[in-house]
Structure formats: structure tokens, C-alpha cells
Amino acid sequence: MFGDLFEEDFSFISNHHCGKAKKSKPRDFEPPAPRDFTNLSGIKNQGGTCYLNSLLQTLLFTPEFREALFSLGPEELGTLDDSSKPDAKVRIIPLQLQRLFAQLLLLDQQAASTTDLTESFGWNSHEEMRQHDVQELNRILFSALETSLVGTSGHDLINRLYHGIVVNQIVCKECKNISERQEDFLDLTVTVKGVSGLEEALWNTYVEEEHFENENLYRCGACDKLVEASKSAKLRKLPPFLTISLLRFNFDFEKCERYKETSCYTFPSQINLRPFCEQTEMDDSEYMYELFSVIIHKGGCYGGHYHVYVRDVDELGNWQLQPLFSSFSIIFFFPPQKNDVQWDSEKNPPRLKDSSAGCHWFDLNDSKVQPIKEKDIEKQFEGKESAYMLFYRKSQLKRPAEARGNPRYKIPTHLLNEMNAANTELQKKRVECDSANNGMDLHLHLSSCYMFHNGALHPALTWKESVVDLTIDRRKTLGDLRQSVFQMLESWEGDMVLSIAKPLPAGLHLYQILDGDELTLDGIGLADGADVFVWNGKEVGGTKVMTGPDHEPVVINVLRLAEYNEGGKGQHFTESQHVFSCSTKLGELHRALAPSGGIILKNLSGPEKEAKNWEVLLEEDMNRTVRSVGLTDGCSVLILDSHDQSFVNVSSGNLTAFTYDISWLQVKNFCRTGDEEKHVKITATIETVRSHIGQRHNTGCFPGKLVPEDYTVKEAELKMGSLLGLCHGKAPTSTQVYQSCGSNTKKHKNPLPLMERSVMACFEPPFLANAFPICMFLVGDNWHLRRIDWCYEAGEALSQELQSCIESSSGGFFSFPWRLAADTMEVFLFQALTLPCCQEQVVPLPSFLRAWTVDSKRPGKLLRSNKQRLNDYRLGARVEICIEPLQKEENLGPHELLLRVQMGIPGERDYYDSMDLVWDISKECTAWALRQRVAAHYCLPVEKIEIAKYFPERFEWLPISSWTQQISKRKRKKKQESLQAAPYHLKDGDVIGVKNLLLDDMKDFSTLRDDIGKEKQRQLTLEKKKSRQAERLQHPGFSEEKLNMKHRKPEVALSINVGVFR
């Protein structure tokens, strides 16, 4: 149904006839694909118009209908060009239908568009997206055509082809009086339910009689009393084309819903209607009909997809189940002739002749057209994809010989000319598109404009002057390319060699020579935008050139240490670029870069110059090539002389500190009492620890980010030239958060203590990441906390929750949001160890804690695997986690299930305290396996226990029996059902009740608490029911059925807007 929903519409025929603005298409848009081997055109689906497409194709392959429509000229229908004139009476629907049929017959495109036709219907985009019933459309379209053709010679077109008469008769058995009523029809509707096929349905309707007898009598007008009678229906007049609608959709009054009848319903390819007619004296040929179209519906009663099987009566298509012709074709152009349409030579292939002329069937499914066999129709007798409308034609209707295989037959001249122009434009666009798609742009580099130096080719002039662009068809041969180059370079002398070239950072490098003049450019692998070097194959500018991937030039960055300058800025090394062949040995590279000796280190990470990425080239590597050690373009090598080798750990072959990491820092001493502050510069590497820079004695008030004493320069994110201040006090460690505080009275100047980060981790960033100063104000007997702003004045007041958290920072339970997605569960449990409850119970390690999510105030999901990151649990926002202390260390595996088992107290409706039971379900998770595990836990025989799972939300117990005694032999072969599936859904934390049958014969698992809980639930349900009843009394139109009714889109009636032409 929605196959072509997003398919772009494209048509070279003018679409402005209806007087409505159209969206312009780009001129370089790819033209539509031509017709395939069937030589028939499909119809594009606008989103939900498959039902319309199926009916239009049926009308198209009704030759008498389309020829009658084509017989109406502009003098009767008007022209589309006059549709915008206010006084003109243009019959747009027949005109657009004529034009669409001409496109389907003559326009060389895979699928035609119905946009203009549906606009003439008055449909908007919503109507085109809404699917309707094709039987309804058939009647409405015929009605619209009849209205549009009033006053023309085609006013009786529909009646002439499709009109029939049914007569209903009632015969009195006493006076033999006949009462009859005549009905006109354009299509017959037959039942499907309870009927085996079309002939049986017609027999039940038009042969069998209904008798009025006993209590069900008929009042005869002639006898003027109730009498026995018989009722029957007959076909009085048969149309040339018989349309039959199958009642596939019915209504189930018990379920109060619609459904589709998918039972088998046969229909013949030929049918004799004599038994169903009122007059039977004529020849059999008057009653014989042949099937020529079947509209098929796939889906249910609320939606689906339509397509159609049609018989090609005029043999317009090329029927063959497999294409016999190559997809490659040569297009010939012929001058247009009068009353003729321009075609490709491939469009009239030899037609397959057989004894069954005119009996070829095609499946037209929107844009797709495929040939089918006649026996394929039998597949549509039943199922979700089955026949929905049948179209028969009289066997007497014979087609003229000139119409066979001639799509131009009886098409008006103005439409032939329009299709000629459209095909010419299509061919032109396809040639342009073919040239654009197969055109190849090549960059020709001329050897006379290049010179070879520093291991690569470089242009002697500018790049534009050294390169010539050439466009050529990729289907041409290498010989054609060589000839084209010769024609461009008239002054070329000697042999001409074409080589693939590739611009590299070092310059242009040559690869394989192009050889094989008979091969196509596409066949030799020449790509669009390729660089081709034109030369003699030996030398360039008198220098021999080495080609191939083994001689690729590589640009290497060479770094050397520079002398240290204390006040200098930037990098402390010199950098230069050198070019080497990838086959150069490291010994040659060493002699070229360090002739006086030294150590060479390589860095394969390009611009990343961290010390860990550097590696020493050892003596045994000197016979290896540049490529074999991984040196490529952009890699760096560091040359260290003998006095610089202290940075290298020769035993490990790694660099301990790189020049880029040797930085200088500014250090100010804020501890001095004088007016001047001592300001010095020091040298440090990224691994220098902060405690080595200076000593701290007392913590003072310093506005800035404190650097923990165990941080390195890299961890503190200090850059070269950063200012580091020294102040009084004890420096915090990396696990502490420092809060400075002030007071408005000298009397109460008490700094907040250093708080462990494990306690403060509940604060949301940026509180966690950076310390901020806090000042305390004494107002009366109460302290108030405020943040200090950037002017070192009292700023905004802290929230009450944050004040409480700070005041209870000795280790309480904080309810602030916690963003530790990057931490592991083990880190989280370490934080939980600081809570008072864990300190009181003396929990030694995180493995003695069990974490659960909180679901409806109960433990929900067990968070196992302490090494897993918190964000891997997919907990979501604002999740609540409860912590359960354990008596012993626990580390549950992925296939271990944690259950709470509790033994029932004999003679009482209660249980002992629950116990943890770890059950390994790696092998099986069945009821029998659980019974064995519980029995082993309590040291009881398996047959002497009963177990049940508790559902606390319902206050119910569900007994778990051994399913191995209940399943059939057939199901036993399959995998046994798991307790983790329905109806038990066993999971971590579930409560399992156990009954010891040796001591307790009461198998009721419920308790008094369960009775109280169920009673509360019952009272709550009654209150809700009373509330709903009160609401219904206040709103009489409100009903419970409306709440429970499944919401579906309202069904909208189908309509076609037609002008008045009387």
C-alpha cells in the first residue's frame, strides 16, 4: 500500500492544464526509468491509492471502454488549457482520464502518475493517503463519469457497457399472479461466507426459490388474502461487461467487530449465465463470459493493499516469464511521423506467439508489472491475499485485427502529438543523464611540465598549467583514450605511456602503466577523477623515475632538541621535514639524519607527542625498511645526541620525558608577610608531583582551585606558563574536597573541615568538581551559609538541603541527586560504607553489601557484579537504591538466582523468617529443579514439600508444581518451560513459601496479612466503581463501553467532485 510513498514524481508532460500551480522539478533531475521487458506501464502509488491504481488498470485493459472514452473530442469535452477560464465548461475528469490512458499506452516510462487525475477529483493530500474500498470507488467513479458526460455523445457510455437488469418475482400459488420488481445494476454483489464458489453463489441467488408457507404467508393483491407463494430473482438483461463484487468483509455480531472472510472461493475463467437468466432461448454464445480482470486484496478489514491480475486482450504487452534480451541496448532515433509515436527500437522485440493468443495475464502491482500464468489465479481463491472483484467480458466481443499489438489504436491526434513530444524529451533527458552517469573526468599530467626532485614529481609551473582535464565515456577503450590524448597534444613526439598517478604529501608518484588498448576504461579500474601521467615511460626531465608502491615517498617529521630558554615560549625543539622512499633501510636513514651518531626514536601516532608513544629504533632494526617499521606520512622521529640521551630508558626502549612535556611554571608565594610577593619560574615535566614544588603548613583563604599534594602537573591540568600559588595550610589529597568559609564576626571565624570526597560525592556538579568558598553569617542564634561571589562578597544563600548536608557532613545519608555514571558499583558501595548505618554494623568491605533498586517501596532489581559501571545498569533518572548489609561476603554469578525462602509454621497461617537461597540456573530453571534445590536446602525429601511463589502486589500465592508430570509427550521433546517465563516470571528477590508435608498437611499458603491486604484492595475497587458510577450520572453521554472501545480512525466517505454540465 505504501510502496511508493516517498517516490519522487517526475513527468515531462506539462502539468499546468488544471490551472493549479505545480512544484517545479530541477532540470537535471534523473528521468524516470523506461518500461521493462513487458512493455507495459505501471501506476505510481501516492501513498494509499493502490485501490485506484487497480481499478484504472482494469478500465485501461477494457478496450471498448478506453476507445469509447477516446472517441470524445475537444469539441465535446473542452481542453485542459481552458480549465482556468471562468465561463468555460471543461469536463476535466474525462480529459484527465484520456490523458492518463494515453500515457499508460504510449509514454516510455516505468510508471505513470495519477496526481493530475486525483486533483480533478478534488482530492487533497489527506485523501490520497487514505485507503478506501475499491468496490465503492467503482460505483462512485462511474457515477462521476456519467455526470461529467451529460450532454455529450458519451452520455450512455457506462450504461452501454456495464448496465444490467435483475427482476425479482413473487408467484401466487393459488391464482398464479406474478408480482415483479425490476432493479438496475452496474455490478453484482455475491456472498462468500458459506459458499464454495461463484457458480454456487449465483445459483443460490438466481435459481433457488424462497417459499412463503405455514406461518410465513404472502398477501396476494389479486386474491386479497394471505396465500402461499414463491419468490425468485433472475437476470433479465446481461451487460457486455459483468462486474462481480465479492462480499469478503462481514460483521461478527457476537464479537461486535468486522472480519474478512478468507475461506476458499472458486471462480471459473469462463462461465455460462444461461441458468441464471430469465430468457434462455438464445444461443449459448449470448450467455458465455470470459474472465479478464481480478482485483486482489491483501490484508484485513481495516487496511491492506490492492493489486490486479489483467488479461492482455489486445496483446499490448510482451509476455515472457524470463527476459530473453540483454539489458544493454543501443538507442536509435526515428523522425516522428504523422499520427505516430516515437519509440526505441528495443521497444518492439519479437513477440512470443503461441496457440493461446490474447490469453496472456499480467500482475500490475502499482509501479511493478510482471507476467504470470493463468493458473496463478487459482492462488487467489483463498487466504488473506484473495480475489475481491471479478470482471468478465462477453465471449462474443472480438477485437479487430488492427488493434492487436497496436497501442496507438484510436487514440486522438492531439494526444499522439503530446506523447510524441513527451517521448522526445524523455529520450533527450536519458541521453544527457546517461552521458552524465557514464562520463569520466580525468586529470592528465604532462611530463613536459614536471620535474623530479626530492623523491617525487613536482610541477615546474603552477598546478593549473601542468594539468589538463579530459572528459570521456567510461565505456570507451584505452585505445580511445590514447587517441584522444594524441589529438589534444598535437606536438607530442615518440612513444606515449599512460600511468596511474597519485598525489602524495611528498609530491606526485607514479604507479602501474595502463596497458591493453582493447579494454574499456571501466574494465581496467580507471575511476572518475583519476590522475593520469603522460610520459615516455623512462624518465622525466632527464631523471629516471622509480614507479610502483615499493617506491612511494614518505614525508617524515624530524625533531631535534633545542637549547633551553627560560623565558621562551612555545616548543623547545626544532622540526623539519625529510622525504625518504618507503623501501629505504633504517641504516641509511640513520646515516642521513644522524651522521655523527646518536639515538633515533619513532612516534607512529602523528601529532600526538606524549612520551608513552615514543619508541627507540634499536640496532637490530637498521636492516629493516621504513615501511616495515610502520613509518608513514606524518610520523615523527626524534634525534637525540649523546648529551640528550638521559631522557631515554635504553633498557625499555621508551622515552621518559619528551621536550614538549618540559614546561615552565610561574610560582607565587602568598605566605610572605611583606608587601611584595616572591615570583619565580621553575621547570617541570608532566609527571612532576605537586608536593615537590613547595611545602604547605597551614591552609589559608586563597581564591582558586586547590591542587592536591599527590597530583602531578598533568593531573592538575597545568599548562606551560600557568600560575601556581603557595599559601598556608595543609594541602588536600585527591580524595578530599576543600570548603573555605568566612564570617561577619571575627569571633566566629571557624573554617569548615576538609571533607572526604567519598562523603561529599552526593553533591551534584559543579559542587563535586571544584570547591567554592562559603561564608557564615550569625543572625541571632542561627547561622546562615552563603556562597562567596567573584568579588569575594556574600552571594546567594545556599538551599536548606545543601546547608543540612554540609552541617551533617560527618557521615549521614544524603538524598541529593548522584551523577556517578562513570563509576563502578564497587565505588558506589565504598561511598555507602560512610553512612552511619554501615558504620554501626561494622561493614568491612563493599562485598558485604547488596544493592537493590526500589520499586513500589520494595526491593526491585538486584544490582550484581561490583566491577560493572553504573551506567551499564540502565537505571534511568531519579532511581532509588537501597543497601542491604550481609553477614558474609557475597559475589553472585550471572547464572545464580537469589530467592527468599520461608518455611511455613505447622498448624498456623504464618511463616518463619525468610532465608536467602542461591540457585544455579545455568543448566535448567524448571519447577522440578527448584523443588530439588529447596528440598536439599531444608534436608527434606522432594516429594514431601510443596512450594509456591508470592505475589505481594496481589497478596496471592501461586503453587509451583512439577510440570514434568503434566506436559504431553509431544511437548516433552521440546525445551522445558522456564520458571522465568509466564506465569511465574521468577527473578531475584522473589519469596518462595515452603510447606513441610511431614509436619503440616495444610496446603493453603495464604496468611492473615494476605486476607487483610485483599480486603483493602476490594474496598479500593468498590470505591473506584462508585466514583465511576457517580461520574456517569453527572455525564449521561459517558459510558464504560466508550472507554474500552479500541480507537480507530473514523471512516470517511469517498467522494469525487464533479461540475454541473446540464
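Residues numbered from 1 in each chain as written. Predicted model: local features only at pLDDT ≥ 70, side-chain atom pairs only at ≥ 80, totals over all residues. Heavy atoms only, no water.

Basically, it comes down to this: UniProt positions are given in the numbering used here, feature names are shortened, and annotations may be inferred rather than shown by experiment.
The name given to the protein chain in an unreviewed UniProt entry is Ubiquitin carboxyl-terminal hydrolase 40, with Strigops habroptila as the source organism. UniProt, in the comment section headed Catalytic activity (unreviewed entry), describes the protein chain in these words: "Thiol-dependent hydrolysis of ester, thioester, amide, peptide and isopeptide bonds formed by the C-terminal Gly of ubiquitin (a 76-residue protein attached to proteins as an intracellular targeting signal)."

### Let's talk about the sheet that holds strand β47 (residues 896-903)
Heads up, the condition is: Whether two strands pair depends on DSSP finding at least two bridges between them. For helices the rule is a DSSP run of H or I covering at least 4 residues; for strands it is a run of E covering at least 2, with both sets numbered from the N terminus onward. Axis geometry follows a simple rule: fit a line to the C-alpha atoms, using only the stretch in contact for helices, then measure angles between N-to-C directions, giving values from 0 to 180 degrees. Should any heavy atoms of two residues lie within 4.5 Å, those residues are counted as being in contact.
What the five strands build is an open sheet, ordered β48-β47-β51-β49-β50; its pairing is mixed. What marks the edges here is a single partner per strand, and that holds for β48 (915-920) and β50 (956-960). For this sheet the average axis-to-axis angle between neighbouring strands, irrespective of direction, equals 40 degrees. Bridge count for strand β49 (residues 945-951) against β50 is five bridges, and the pairing is antiparallel. Looking at the pairing, Phe951 lines up with Glu956 of β50. Along the sheet face, helix α18 (residues 927-938) touches β47, β48, β49, β50 and β51 (991-996) and points at about 135 degrees away from the line of β48.

### Observations concerning helix α7 (residues 134-148)
Inclusion rule: Take the residue count of a helix, subtract one, and multiply by 1.5 Å to get its expected span. Here's how the labels work: a residue is buried when its accessible area is under 20% of the maximum for its type, exposed when over 50%, partly exposed in between, all with a 1.4 Å probe on protein chains only. Any N or O atom pair separated by 3.5 Å or less is treated as a polar contact, with the protein-specific requirement of one donor-capable and one acceptor-capable atom, and with residues adjacent in sequence counted only for side-chain atom pairs.
Between its first and last C-alpha atoms α7 spans 20 Å; for 15 residues at 1.5 Å apiece the expected length is 21 Å, and the two agree. Of the positions making up α7, those classed as buried are Val134, Gln135, Leu137, Asn138, Leu141, Phe142, Ala144, Leu145 and Ser148. Backbone nitrogen of Gln135 and a side-chain oxygen of the N-cap are separated by 3.0 Å at the start of α7; the cap is Asp133.

### A few points about the nonpolar core
The line we're drawing: The criterion is simple. A nonpolar core is a set of buried Ala, Val, Leu, Ile, Met, Phe, Trp, Tyr and Cys residues joined through side-chain atoms within 4.5 Å.
With 67 residues, the main nonpolar core has Phe65 and Phe101 as its most contacted residues. Considering every element that reaches this core, the biggest residue donor is helix α4 (residues 92-106), with nine residues. In contact with Phe101, other than residues within four places in its own chain, are Leu56, Leu59, Leu60, Phe65, Arg66, Leu69 and Phe70. Of all hydrophobic cores here, the second largest spans 35 residues; its members include Val195, Leu246, Tyr265 and Tyr309.

### Thoughts on the packing of α4 against helix α10 (residues 413-438)
Under the convention used in this document: Comment on the angle field: the value is read as roughly parallel under 35 degrees, roughly antiparallel over 145, roughly perpendicular from 65 to 115, and oblique elsewhere. If you view the pair so one helix is near and one far, a crossing is left-handed when the near helix is turned anticlockwise from the far one by less than a right angle, and right-handed when it is turned clockwise. Classes in brief: Ala, Val, Leu, Ile, Met, Phe, Trp, Tyr, Cys and Pro nonpolar; Asp, Glu, Lys and Arg charged; the others, Gly included, polar.
Contact geometry for α4 and α10: axes closest at 10 Å, N-to-C directions at 50 degrees. Here α4 lies oblique to α10, going by the angle between them. Crossing angle aside, the handedness with which α4 passes α10 is right-handed. Of α10, the residues touching α4 (which contributes Gln98, Arg99, Ala102, Gln103 and Leu106) are Leu415, Leu416, Glu418, Met419 and Asn423. Its residues assigned to classes, the contact of α4 with α10 shows five nonpolar, three polar and two charged.

### Here we look at the packing of aromatic side chains
Worth spelling out the cut-off: Within 6.5 Å between ring centres, the rings of Phe, Tyr and Trp (the latter by its six-membered ring) count as paired, and their orientation is classed by plane angle as stacked under 30 degrees, edge-to-face over 60, tilted in between. Criterion for a charge above a ring: Lys NZ or Arg CZ within 6 Å of the ring centre, and within 35 degrees of the ring normal.
Evaluation of the coordinates by the stated rule reveals 17 aromatic pairs. Measuring from ring centre to ring centre gives 6.1 Å for Trp957 and Phe1005, while their planes differ by 25 degrees; the resulting arrangement is stacked. Residue Trp957 is found in strand β50, and its partner Phe1005 is found in the loop between β51 and α20 (1008-1034); the two are separated by 48 residues along the sequence. The buried category is assigned to Trp957, whose relative accessible area is 15%. An aromatic cluster is defined as three or more aromatic residues linked by ring pairs; in this entry it consists of Phe65, Phe101, Phe142, Tyr162, Phe241, Phe292 and Phe391. When the ring centre of Tyr302 is taken as origin, the NZ or CZ atom of Arg258, which lies over that ring, is 5.7 Å away. Lying over the aromatic face of Phe1005, Lys995 brings its terminal NZ or CZ to 5.9 Å of the ring centre.

### Notes on the pairing of strand β20 (residues 450-453)
As paired elements, β20 and strand β21 (residues 456-459) share four bridges and run antiparallel to each other. Residue pairing across strands places Met451 opposite His458, the latter belonging to β21. Counting the residues between successive antiparallel strands, the hairpin from β20 to β21 contains two residues, one of them, Asn454, with a positive phi of roughly 55 degrees.

### Here we look at the environment of Gly542
Here Gly542 shows up in the loop between β26 (539-540) and β27 (543-544). Exposure remark for Gly542: the relative accessible area of 64% places this residue in the exposed category. Considering only alpha carbons, one finds Gly542 and Phe452, 90 residues apart in sequence, at a separation of 8.9 Å.

### A short note on the sheet that holds strand β44 (residues 849-855)
Read from one edge to the other, the open sheet built from three strands follows the order β45-β44-β46, with strand pairing classed as antiparallel. Looking at strand neighbours, the two that pair on one side only are β45 (858-863) and β46 (881-885), the edges of this open sheet. Adjacent strand axes in the sheet meet at a mean angle of 45 degrees, parallel and antiparallel pairs treated alike. Note: β44 against β45, four bridges, orientation antiparallel. Bridged to Asp855 within β45 is Arg858.

### Here we look at the pattern of salt bridges
For the record, the criterion: Salt bridges are defined as contacts in which a side-chain nitrogen from Lys or Arg sits within 4 Å of a carboxyl oxygen from Asp or Glu.
On inspection of all chains with the given rule, the structure shows 40 salt bridges. Lys379 is the partner of Asp376 in a salt bridge, and the nearest nitrogen-oxygen pair spans 3.5 Å. With relative accessibility at 16%, the residue Asp376 sits in the buried group. Classification of Lys379 by relative accessible area gives exposed; the value is 60%. Salt bridges here are not isolated pairs; linked through shared partners, they connect Glu64, Arg66, Glu67, Asp314, Arg393 and Arg399.

### Remarks on the pairing of strand β28 (residues 553-561)
When you tally the buried positions in β28, you get seven out of nine residues, the bulk of the element. Both β28 and strand β29 (residues 573-581) contribute to a ladder of nine bridges, which runs antiparallel. Paired with Leu559 across the bridge in β29 is Glu575. Taken together, the four bridges between β28 and strand β32 (residues 636-640) define a ladder with parallel strand orientation. Pairing of Arg560 across the sheet is with Ile639, part of β32.

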